[in-house]
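Residues per chain, in single letters:
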Amino acid sequence: MNTEMTTDNLYRYLFENASVRGELVQLKNSYQEVISAHEYPLAIQKLLGELMAATSLLTATLKFSGDISVQLQGDGPVSLAVINGNNLQQLRGVSRWNGDISDGASLKQMFGKGYMVITLTPDDGERYQGVVALDKDTLAECLEDYFEQSEQLPTKIKLFADTKQAAGMFLQVLPTDGNHNGDFEHLSVLTETVKQEELFTLQAEEVLHRLYHEEEVRLFEPVEITFKCTCSKERSAQAIRTVSKDEVDAIIAEQGKVEMGCEYCNNKYTFDSIDVEAIYANAASSEVTQ
Ligand SMILES: [Zn+2]
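First, a word on scope: everything that follows refers to the structure included in this document. (Residues numbered from 1 in each chain as written. Predicted model: local features only at pLDDT ≥ 70, side-chain atom pairs only at ≥ 80, totals over all residues. Heavy atoms only, no water.)

1. Concerning the pattern of salt bridges
And then number 1: All chains considered together, the criterion is met by twelve salt bridges.
And then number 2: Note that Glu277 and Lys245 form a salt bridge whose closest N and O atoms lie 3.0 Å from each other. A residue pair is termed long-range when its members are at least 10 positions apart, and Glu277 in helix α10 (residues 273–289) and Lys245 in helix α9 (residues 245–255) qualify at 32 residues.
And then number 3: Glu277 sits in the partly exposed class, given a relative accessible area of 44%.
And then number 4: What makes Lys245 partly exposed here is its relative accessible area of 25%.
And then number 5: Between Glu259 and Lys257 there is a salt bridge, with its nearest N and O atoms 3.9 Å apart.
And then number 6: By relative accessible area, which is 43% here, Glu259 ends up partly exposed. (Salt bridge = Lys/Arg side-chain N within 4 Å of Asp/Glu carboxyl O. Helix = DSSP H or I, 4+ residues; strand = E, 2+ residues; numbered from the N terminus. Buried < 20%, exposed > 50% of the residue type's maximum accessible area, 1.4 Å probe, protein only.)

Written as C-alpha cells, this is what we have:
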C-alpha cells in the first residue's frame, strides 16, 4: 500500500437505530508540532498526544463558538500539561516538568495529587469550569468521570498515543433520549475493542466498519485539525505591562532589549527601549481614559 492515510481529522458519526453519537480523531502533524516545541520526556509526549485527542473530541461537543482548555495539574514532577483548542479545531499545548520522568510513568507518578480542569469559554456568554481528580489509571477514565459529573450522560472514551501519532474515540448517549441505555452498553462494548494499531493505520470509515459492521452508521464530513498558536507581539506587550517599569528598564539597561518567548510555539518577541516606552505610555493613557 502506498496511499498515505489521512490524519489530523475529526469525524462525527451517528447510529441510525440507536440514540448514540460518536466521534473519532486521528492526529499526526498537529501532534508533532505540539511536541516539537520542547525536549519532552517520552511519557509526557504520549500524555500530550492523548490530551490533544481528548481536547479535540471535547471541542467537537461544543455547542458554541469559543475556546476550550483541558489542563492537568498536580504536585508531582509534572506540574502542568495543557491543551487549548477552539471550535475551529485549532489546537496548541504545553507541559512543564522537573527532573527525570520514566518512560512508563503513570498519571499518579507524573502528577502526584492531580486534577483535571476543563474550561469552556464561549465567545459570547459565561465561562464554565469543571474539575475532576486525576485519580484513575488513565486519562480516558478521568474524562469519563468528568462527563458523568457534568452532563450525567453515559460516555465512553478511548485515547491512544505513541511518539508519532495520537488518536481517540468518543461515544455518548444522545441527551434527548434516555431510554436506550441498552444500545449504549452494546455499542460501548464494541468500541472498547478498538486497537491502537487500527486507529493509527486505518481510515476512519474502515475503523467504524470493523467495529460496528452490524450497525447502520452515518458518518459526517471530517473537520481538519491544525496546530495554531494564539500568541502575538501585542499579547506579549500586555504581559510586559504587568511587570513594573523599573524592572523592565533594568533589563533594557543590561541587555538592550526584552525578549518574550512563547512556550507553546517557541516564537520570540523582542522589545527595545522605544517599544517599552510605548507599552507603558499606552498603559498610562488607557488608565486615564477609563
Ligand atoms: Zn506561540
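On we go from here.
2. Describing the side chain of Lys156
And then number 1: Take Lys156: it is sitting in strand β8 (residues 155–161).
And then number 2: Taking relative accessible area as the criterion, Lys156 reaches 14% and is therefore assigned buried.
And then number 3: One polar contact links Lys156 to Glu192, side chain to side chain, over a distance of 2.4 Å.
And then number 4: If sequence neighbours within four positions are ignored, Lys156 has contacts with Glu144, Met169, Phe170, Leu171, Phe184, Ser188, Thr191 and Glu192. (Polar contact = N/O pair within 3.5 Å; in protein donor to acceptor, adjacent residues only side chain to side chain. Contact = heavy atoms within 4.5 Å.)

3. Brief notes about the coordination of the zinc ion
And then number 1: At this site the zinc ion is bound by Cys229 (SG), Cys231 (SG), Cys262 (SG) and Cys265 (SG), with donor distances of 2.2 to 2.3 Å.
And then number 2: Around the zinc ion sit four donor atoms; with metal-centred angles ranging over 104 to 116°, the donor geometry is tetrahedral.
And then number 3: On the primary sequence, the residues serving as donors to the zinc ion are separated as C-x1-C-x30-C-x2-C. Taken as a pair, Cys231 in the loop between β12 (226–227) and α8 (233–241) and Cys262 in the loop between β13 (258–261) and β14 (268–271) lie far apart in primary sequence, 31 residues in all. (Donors = N, O, S within 2.8 Å, 3.2 Å for Na, K, Ca; no water. Tetrahedral: all angles 85-135°; square planar, octahedral: opposite > 155°, others 65-115°.)

4. A word on the pairing of strand β4 (residues 78–86)
And then number 1: Among the nine residues that make up β4, eight are buried, leaving the element largely enclosed by the rest of the structure.
And then number 2: Inspection of the sheet shows strand β3 (residues 66–74) paired to β4 by seven bridges, in the antiparallel sense. Residue pairing in the sheet places Ser69 in a bridge with Asn84 of β4.
And then number 3: Count of turn residues in the β3/β4 antiparallel hairpin: three residues.
And then number 4: The sheet contact formed by β4 and strand β5 (residues 90–97) spans seven bridges and is antiparallel. (Pairing = 2+ DSSP bridges.)

5. Description of the sheet that holds β5
And then number 1: Read across the sheet, six strands follow the order β7-β6-β3-β4-β5-β12 without closing on themselves; strand pairing throughout is mixed. The open sheet has two edge strands, β7 (128–133) and β12, and neither has a second partner.
And then number 2: Of the strands in this sheet, β3, β4, β5 and β6 (114–122) touch helix α2 (residues 42–59), which is tilted by about 35° from β4.
And then number 3: Across the sheet, helix α4 (residues 139–150) is in contact with β3, β6 and β7; its angle to β7 comes to roughly 130°. (Axes fitted to C-alpha atoms, helices over the stretch in contact; angles between N-to-C directions.)

6. Let's talk about α8
And then number 1: Taken together, the buried positions of α8 are Ser236, Ala237 and Ile240. Taken down its axis, α8 places every buried residue within 105° of arc, on the same side. (Arc of directions from axis to C-beta.)

7. A look at the packing of α2 against α4
And then number 1: Contact pair α2 / α4: the axes reach a minimum separation of 11 Å and the direction vectors enclose 25°. Taken together, the axes of α2 and α4 are roughly parallel relative to one another. Here α2 and α4 pass one another in a crossing that is right-handed. Two secondary-structure elements touch here, α2 through Glu50, Leu51, Ala54 and Leu58 and α4 through Leu139, Leu143, Tyr146 and Phe147.
And then number 2: When the residues that make up the contact of α2 with α4 are grouped by side-chain class, the tally is seven nonpolar, no polar and one charged. (Parallel < 35°, antiparallel > 145°, perpendicular 65-115°, else oblique. Left-handed = near helix turned anticlockwise from the far one by under 90°. Nonpolar A, V, L, I, M, F, W, Y, C, P; charged D, E, K, R; others polar.)

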